[in-house]
Amino acid sequence: YKTYREELAQRDRARDQPVLPYIGVFLQDFLIVEEVTDKLGNGVINFQKSRRVSNMLMKLRRFQSVHFHFRAIATIQEYLQTGLSVLSDADIYK
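Residues numbered from 1 in each chain as written. Predicted model: local features only at pLDDT ≥ 70, side-chain atom pairs only at ≥ 80, totals over all residues. Heavy atoms only, no water.

(A) Structural detail: the overall build of the protein chain. In terms of regular secondary structure, the protein chain is built from 5 helices and 0 strands. Counting from the amino terminus, helix and strand elements in the protein chain follow one another as α-α-α-α-α. On C-alpha atoms alone, the protein chain measures out to a radius of gyration of 20 Å, which is more than a quarter above the 12 Å that the 2.2 N^0.38 rule sets for 94 residues. Viewed in the frame of its principal axes, the protein chain has a C-alpha envelope of about 65 × 40 × 25 Å. Counting over 94 residues, the protein chain shows a buried share of 14%. Across the protein chain, contacts joining residues at least 24 apart in sequence account for 47% of those joining residues at least 6 apart. Accessible surface, the protein chain: about 8300 Å² in total, of which carbon and sulfur atoms supply 57%. (Helix = DSSP H or I, 4+ residues; strand = E, 2+ residues; numbered from the N terminus. Rg over C-alpha atoms; globule rule 2.2 N^0.38 Å. Buried < 20%, exposed > 50% of the residue type's maximum accessible area, 1.4 Å probe, protein only. Contact = heavy atoms within 4.5 Å. Areas by Shrake-Rupley, 256 points an atom, 1.4 Å probe, with all protein chains shown as cover.)

Spelled out as structure tokens, the structure:
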């Protein structure tokens, strides 16, 4: 995901375009950070781990703060509201 991360970092710095990040990359990063111990060998709290988690959460919040500005298209809205068939629970599990 190197190229993806570089593009995401560039858009994070610009903060002028909305971004819908792939949550799988963030979850993978959270899992990696979570594997690091909460306390160091001498019983001291691992503040570097807390800082990393905090930075990752702040990045997600920044992505949420830039909004998408979609133009409403009546035919698409109508199709989504009425044209799609709703399946029952039984039909879904067939």
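(B) Broad picture of the environment of arginine 15. Relative to the assigned elements, arginine 15 resides in the loop between α1 (2-14) and α2 (23-35). The sequence separation of arginine 15 and serine 65 amounts to 50 residues, and the corresponding C-alpha distance is 9.2 Å. Aside from chain neighbours lying at most four places away, what touches arginine 15 is Arg62 and Val66. From its side chain, arginine 15 meets the backbone oxygen of aspartate 12 in a polar contact 3.1 Å long. (Polar contact = N/O pair within 3.5 Å; in protein donor to acceptor, adjacent residues only side chain to side chain.)

(C) Inspection of the pattern of salt bridges at higher detail. On inspection of all chains with the given rule, the structure shows 5 salt bridges. Between arginine 15 and aspartate 12 there is a salt bridge whose closest N-O contact spans 4.0 Å. Take aspartate 12: its relative accessible area is 10%, and that puts it in the buried class. When the shortest N-O distance is used, the salt bridge between lysine 49 and glutamate 34 registers 3.8 Å. Linking lysine 49 in helix α3 (residues 47-65) with glutamate 34 in helix α2, this pair joins segments that are 15 residues apart in sequence. A relative accessible area of 8% places lysine 49 in the buried class. (Salt bridge = Lys/Arg side-chain N within 4 Å of Asp/Glu carboxyl O.)

(D) Expanded view of the packing of aromatic side chains. Under the counting rule described, the total for this entry stands at 3 aromatic pairs. For the pair phenylalanine 26 and phenylalanine 63, a centre-to-centre distance of 6.4 Å together with 75° between the ring planes defines the contact as edge-to-face. Of this pair, phenylalanine 26 sits in helix α2 while phenylalanine 63 is found in helix α3, placing the two residues 37 residues apart along the sequence. For the pair formed by phenylalanine 26 and phenylalanine 63, the shared burial category is buried. With centroids separated by 5.5 Å and ring planes inclined at 5°, the aromatic side chains of phenylalanine 68 and phenylalanine 70 adopt a geometry described as stacked. The exposure class of phenylalanine 68 is partly exposed, given its relative accessible area of 40%. (Phe/Tyr/Trp six-rings, centres within 6.5 Å; stacked < 30°, edge-to-face > 60°.)

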